[in-house]
Amino acid sequence: MATTTVNSKRPGSSGGLQVRGFTDKYAWPLGYVAVILFLFLLYQAILPSLITDVSGPVLAWLPVATVNECLMWAIMALGLNVVVGYAGLLDLGYVAFWALGGYTAGWLMAYPFNWEWDFHLFSPVPADAPGTHINFWLVCLVAGVLCALLGILIGAPTLRLRGDYLALVTLGFGEVITQFFRNSNEIAGFNVANGDSGISSIDSIGTGVLGATGIAPPLLTNSSAGNVWKILVLGLIVGGCIFVSLRIREGRLGRAWLAIREDELAASMMGVPLVRTKLLAYAVGAFFGGVGGVANASGITTAVSPSGFDFGKSVLVLLMVVLGGMGNVWGVTVGAFLLSWLNSNGLKQIGVQSDALFGTDLAATLPRYNYIILGILLVLMMLFRREGLIPEGRTRALLKTPSRTEAESLGADSLEAAAETEAVERADPAADAKIAASAAAMAGPAGDATSSGDSTTSPGSGTQRKNSDD
Amino acid sequence: MSTTTEQAAPPARGGGKEPVLELRGISVSYGSITAVRDLSLEVYPGEIVTLIGSNGAGKSTTLRTISGLLRPRTGDVVFEGNSITGVPGHEVVKRGICHSPEGRKIFQRMTVSENLDLGAFTRKDKEKIAEDRENVLELFPRLRERIDQKAGTMSGGEQQMLAVARALLGNPRVLLLDEPSMGLAPVLVDVIFETIERIRQQGVTVLLVEQNALAALEIADYAYVLESGTLSLQGPAAQLLDDPSVTAAYLGGH
C-alpha cells in the first residue's frame, strides 16, 4: 500500500530536486516585490506625511541611505553565496570582484583623469559633458562579464586546489587586485586607474522614461529623493540575483555544485566535471560581485579608491553568508541586511541611544569597534547556531534527525516489539535474550547522526552475530 | 599461478566475445610507492568478475584507475575496444563505466531521491532515466520507502544499497563495485549479493572488489587474486573456491 502511494508521487518530482507547489512558486516574488514597494512607499509617502516624533526615530534607526547600502551588500552576499554556500569553495578575496566592478563603473561612467575621448551611450548625463558616460545597466553587464572572465582566469589554475589552499590563494588574489589599483597610476607608463586617489564623480543611475516624464528625478544622486528611488533600482537587482540563485540551484548546475560541496570525489564519480563546474560557480559569483561593485560605485559612493577595497570587506561579505545561513538565499539576504545595517548605522545608533539613556560615550567608539563586535557575533553564532540564522534545509535535517540503526533497518524494531509482548505474556527467558540483543544492537549506534555508516553499523552487526552464535 | 597453468586455455570465456573491459599491464603509483604492478585482466560481457585480495593489495586502486580517478604509470585501460587511459573520471562515466566506491560516498545531506538524480547526472534521456529509476527501486524496495529521507540518516546497509542504485542510474555497461559488503550485518550482505546477481541478469557486467572472498567467489564467474599489487592467481571462481591455497589464504580454511 505504502509503496504504491509513494510510487504515484514520484514521477512529478523526479525531474527536479524539490517538489514545489503553486503557491510556493509565486510566494516569494510577490512577497519580495511587496517588501521593496513598502520600503519605497515608506520613504516616499508615509514618513514625510507623519509628524517628526514618529518619522524621526525611523529615519534615525534606518535612514534611506542605509537601506540602499543593505541592498547593495545583499547583491554581494548572494554572489558569494553561490561560491561558498552552493559550491562550497571558500573565497577570502571576494572584494577583488567588487573592486573591479567599481573601477569598471569608474572607467565607463565618469570623466576620467587622463583620457581624451568623449563617449556617450544611453547615458542620462548631458550630451556635451566630457568623458565616457555609459548607461548604468550596460555597465552592470560589462562589469559582470569582466569579473566573470577574471574569475575564470584566476580560478583556472587555483580551483584545482582544495580547502585551505584555495582560501589562501583567493586571499592573496584579493590583496593583489587592491595593490594593482593602488599602483595603477603608473602601469607601463600609463595611468590606468589614478592610483591612490582613485576615480571620483562617477555618474549616478539614470531613470530614463520615468525621469523624462518627471515622475522620478532624472539622476538618482545621493539626495533624499534620489536615495528613495534607488531602493527600487537596487531592489530590482537584488530580486534578479535572488531569482537567478534560486533557479540555478534547482537546475542541473546547482545539483552539480551541491554534489561537489558534499563530496568532490563522489561527484566526479557521478560524472560531474569538477573543474568546469567549479569555474562556473566562480564565474557566476564573480558576475554578481561585479554588478555589486557597479551598484556601489554608481549608487552609493560615487567614487572608487583602493582604500575602500580592503580585506575587511571580503570578511564582511563572508560573515553575511555564514551568519545568514550558507546556501540559503533568504538567510544570506537577511544576513546581508543585518550586518550591513549594523556596520553602517546600527552600531552608531545603538551608541547614540545608550549615550542618551545611560550617559555613556559610545556614539563615536561603537562603530569603530565594528569588527570586534561582528567577531563576537560570529563566535556566538558558531557556538549556538552553527547553521546560520535561516539555515539551508538539508543542514538542519541532518543535525536534528537521529540516524537509523542497522537493527531498525532490518526490521528489528518490530521484532523487538513482538519479542517484548511475548516475554511479558510468557516470561520466556529466550525472548529476554532477544530483546537484550536487539536493544544492545540499537543502543550503540543510536543518536550518532553525523558519523559515517561504517562506524554505526559495525557494533550492531557484531552484537547480532554473537547472538546467533549463542 | 598454479590454477592458470592447469587451466591452460579457459574454454571460451565470454563465449567468444571480445572483452568489454581490459587492463593491459597497468602499474599505478602513489608517489614513489607502487600500488599495482603490471596487472592485466579481462572482463567479458555479462560476467561477474571479482578481484579479491587482502587489505592494501591494490584492489581499490585498480578500480579507481579504471574509472579515471587515477592514471596508470604504464599500461592501458581498454573499454569496448577503445583505450580510456587518461580519460578524466566524468568522461568515463559517460562512456558507460559506473563506480560504486569504497565507503559508499553517498551524498549524506541530500535525500535518497536527489542522490539517485545525481547518479543519472550525465544522462539526458528523461524517459529512460525514469524507467531505470523505477527499476532500481524495484531492486531495492527499501530505497523507495526512504525516497525523501536524507541519505545520511539511513543505516549502513541502506546507504550501501543507495550507492549501488546510484551507480546503476548512470546506465552502466560495466559496474564497478568496491567492497559492497563492508561493515554490513551478515543478513544484509546476503541481500546485497543477491542483488548483484540480479543486476547481472539485467545485462550489466560487474567487476566486484571484495574482502569477503567467499561470498564474492560464490557469485562470480571468474576471479583474480591480487597480492601486494601483483596478480597472484586467476581462474574460474568455482575453481578458486576449491583451491586449497586460496582457501588457506583468503577463506580462513584449514
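Residue numbers run consecutively from 1 along every chain, following the written order of its sequence. All chains are assigned letters beginning with A, and all ligands numbers beginning with 1, in the order in which they are written. Totals for whole chains, interfaces and linings use every residue, but because this is a predicted model, local features are given only for residues with pLDDT of at least 70 and side-chain atom pairs only at 80 or more, for both listing and counting.

> Describe the overall build of chain B, naming the residues involved and giving the relevant values.
Secondary structure elements follow DSSP: runs of H or I of four or more residues count as helices, runs of E of two or more count as strands, with numbering from the N terminus. When helices and strands are counted, chain B shows 11 helices and 10 strands. In terms of overall dimensions, chain B is globule-like: its C-alpha atoms have a radius of gyration of 18 Å, near the 18 Å expected for 254 residues. Taking the principal axes of the C-alpha coordinates as reference, chain B spans close to 50 × 40 × 40 Å. Using C-beta atoms placed from the backbone, we call a residue buried if 20 or more other C-beta atoms fall within 10 Å of its own, exposed if 12 or fewer do, and partly exposed for counts in between. The buried share of chain B, reckoned over its 254 residues, is 53%. Across chain B, the fraction of contacts at a sequence separation of at least 24, relative to all contacts at a separation of at least 6, is 68%. In this treatment the radius of gyration is a C-alpha quantity, and the globule benchmark scales as 2.2 Å times the residue count to the 0.38 power. Contact between two residues is assigned whenever their backbone-derived C-beta positions fall within 7 Å.

> Can you tell me about the overall build of chain A, naming the residues and giving the values?
When you go through chain A residue by residue, the secondary structure sums to 21 helices and 5 strands. Split into buried and exposed, the 470 residues of chain A put 43% on the buried side. By sequence separation, contacts in chain A at least 24 residues apart represent 72% of the contacts at least 6 residues apart.

> Report on the sheet that holds strand E3 (residues 132–134) of chain A, specifying residues and quantitative values.
All names here are of chain A. For two strands to pair, DSSP has to find at least two bridges joining them. Here we have 3 strands laid out as an open sheet, ordered E1-E3-E2, and mixed in their pairing. Sheet topology places strand E1 (109–110) and strand E2 (119–121) at the edges, where each strand pairs with a single neighbour. Pairing geometry for E2 and E3, over 3 bridges, is parallel. Counted as the bridge partner of Leu 121 is Ile 134 from E3.

> Before we move on, can you summarise the pairing of strand E8 (residues 205–210) of chain B with the specific residues and values?
Residues and elements named next belong to chain B. For E8, the tally of buried residues reaches 6 of 6 residues, placing the bulk of the element in the interior. With 5 bridges connecting them, strand E3 (residues 48–53) and E8 associate as parallel partners. By the bridge assignment, Thr 50 is partnered in E8 with Leu 208. Note that strand E7 (residues 174–178) and E8 share 5 bridges and pair parallel. Opposite Leu 175, over in E8, you have Val 206 as the bridge partner. Orient the strands so they point away from the viewer; a crossover is then right-handed if the path from the first strand over the helix to the second runs clockwise. Read as a crossover between parallel neighbours, the route from E7 over helix H8 (residues 186–201) to E8 is right-handed.

> Can you tell me about the confidence of the model for chain B, naming the residues and giving the values?
Detailed reading of the predicted model is not advised wherever pLDDT is low. All names here are of chain B. For chain B, mean pLDDT is 89; residues scoring 70 or higher make up 94% of the total. Across residues 1–8 the pLDDT falls below 50, and counting only partners more than four positions away or on other chains, this stretch makes 11 contacts in the model. Scored as a complex, the prediction yields pTM 0.81 and ipTM 0.86. Per-residue confidence from the prediction method is given by pLDDT, with values spanning 0 to 100.

> Please set out the nonpolar core residue by residue, giving values where relevant.
General note: in soluble globular proteins, nonpolar side chains tend to be found buried as a group. All names here are of chain A. Any nonpolar core is a set of buried residues, restricted to Ala, Val, Leu, Ile, Met, Phe, Trp, Tyr and Cys, that join up through C-beta atoms within 7 Å. Ranked by size, the top nonpolar core spans 178 residues in total, and within it Ile 75, Ala 77 and Met 320 carry the most contacts. With 16 residues, helix H4 (residues 64–86) is the largest single contributor of residues to this core. With sequence-adjacent residues up to four places away left out, Ile 75 is seen in contact with Ile 237, Val 238, Cys 241, Phe 288, Val 291, Gly 292 and Ala 295.

> Which residues make up the packing of helix H5 (residues 95–108) of chain A against helix H6 (residues 136–158) of chain A, and what values do they have?
All names here are of chain A. At a closest axis distance of 9 Å, the pairing of H5 and H6 adopts a crossing angle of 140°. It follows that H5 is oblique to H6 by the angle criterion. Crossing of H5 over H6 shows right-handed handedness. Contacts between H5 and H6 involve Phe 97, Leu 100, Gly 101, Thr 104, Ala 105 and Leu 108 from the former and Val 139, Val 142, Ala 143, Leu 146, Cys 147, Leu 150 and Gly 151 from the latter. Polar here means any residue outside two lists: the nonpolar Ala, Val, Leu, Ile, Met, Phe, Trp, Tyr, Cys and Pro, and the charged Asp, Glu, Lys and Arg; Gly therefore counts as polar. Residues belonging to the contact of H5 with H6 are distributed by class as follows: 10 nonpolar, 3 polar and no charged. Angles here are taken between N-to-C directions and fall from 0 to 180 degrees, while the axes themselves are lines fitted to C-alpha atoms, restricted in helices to the stretch in contact. Angle categories: roughly parallel below 35 degrees, roughly antiparallel above 145, roughly perpendicular from 65 to 115, and oblique for all the rest. By definition, turning the near helix anticlockwise from the far helix through less than a right angle yields a left-handed crossing, and turning it clockwise yields a right-handed one.

> Give a detailed account of the UniProt feature "transmembrane region" (unreviewed entry) in chain A, specifying residues and quantitative values.
All names here are of chain A. UniProt positions are given in the numbering used here, feature names are shortened, and annotations may be inferred rather than shown by experiment. As annotated by UniProt and renumbered to match this structure, "transmembrane region" (unreviewed entry) occupies residues 30–51, 71–89, 96–114, 134–156, 228–248, 279–304, 316–342 and 362–384. Between the C-alpha atoms that bound residues 30–51 there is a distance of 31 Å. The span itself is 91% helix and 0% strand. Helix makes up 85% of residues 316–342 and strand makes up 0%, while its end C-alpha atoms are separated by 11 Å.

> Explain the sheet that holds strand E6 (residues 97–100) of chain B to me, and be specific about the residues and the numbers.
Residues and elements named next belong to chain B. What the 6 strands build is an open sheet, ordered E6-E7-E8-E3-E9-E10; its pairing is mixed. Bordering the open sheet on either side are E6 and strand E10 (230–236), each of which pairs with just one other strand. Averaged over all neighbouring strand pairs, the angle between strand axes comes to 15°, with direction disregarded. Across the sheet, helix H7 (residues 156–168) is in contact with E6 and E7; its angle to E6 comes to roughly 170°.

> Could you give an account of the environment of A:Lys230, with specific residues and numbers?
All names here are of chain A. Counting through the fold element by element, Lys 230 comes out in helix H9 (residues 224–250). Judged by the 27 C-beta atoms lying within 10 Å of it, Lys 230 is buried. In this view, Lys 230 contacts Asn 68, Ile 205, Leu 220 and Gly 299; residues no more than four positions away in its chain are not counted.

> Could you give me a rundown of unusual backbone geometry, with the residues and numbers involved?
Residues and elements named next belong to chain A. Despite not being glycine, Phe 122 shows a phi value in the positive range, around 50°. Within the secondary structure, Phe 122 is located in the loop between E2 and E3. Judged by the 12 C-beta atoms lying within 10 Å of it, Phe 122 is exposed. Even without a glycine there, the phi angle at Ser 201 is positive, about 50°. Relative to the assigned elements, Ser 201 resides in the loop between helix H7 (163–182) and strand E4 (205–206).

> Which residues make up the environment of B:Gln108, and what are the values?
Positionally, B:Gln108 belongs in the loop between E6 and helix H4 (112–119). For the pair B:Gln108 and B:Gly152, spaced 44 residues apart in sequence, the C-alpha to C-alpha distance is 3.9 Å.

> Would you mind going over H7(B) in detail, with residue names and values included?
With 13 residues, H7(B) should cover 18 Å at 1.5 Å per step; its first-to-last C-alpha distance of 18 Å lies within 8% of that length. A large share of H7(B) lies buried, amounting to 13 of its 13 residues. Helices are assigned an expected span. That span is 1.5 Å times one less than the residue count.

> If you had to explain the environment of B:Gly56 to someone new, which residues and values would you point to?
Residue and element names in this part refer to chain B. As for its placement among the helices and strands, Gly 56 is situated in the loop between E3 and helix H2 (59–66). Its 12 C-beta neighbours within 10 Å are what place Gly 56 among the exposed residues. Between the C-alpha atom of Gly 56 and that of Asp 76, which follows or precedes it by 20 residues, the distance is 22 Å.

> Lay out the pairing of strand E2 (residues 33–43) of chain B in plain terms, naming residues and giving numbers.
One ladder, built from 7 bridges, connects strand E1 (residues 21–30) of chain B with E2(B); its direction is antiparallel. Residue pairing across strands places B:Glu22 opposite B:Glu42, the latter belonging to E2(B).

> How would you sum up the packing of H4(A) against helix H12 (residues 274–301) of chain A? Please name residues and give values.
Residue and element names in this part refer to chain A. Contact geometry for H4 and H12: axes closest at 8 Å, N-to-C directions at 170°. Classified by the interaxial angle, the pair formed by H4 and H12 is roughly antiparallel. For the pair formed by H4 and H12, the contact residues are Asn 68, Glu 69, Met 72, Ile 75, Met 76, Leu 78, Gly 79, Leu 80, Val 82, Val 83 and Tyr 86 on the first element and Ala 281, Tyr 282, Val 284, Gly 285, Phe 288, Gly 289, Val 291, Gly 292, Ala 295, Asn 296, Gly 299 and Ile 300 on the second. Along the lines of polarity and charge, the residues of the contact of H4 with H12 split into 15 nonpolar, 7 polar and 1 charged.

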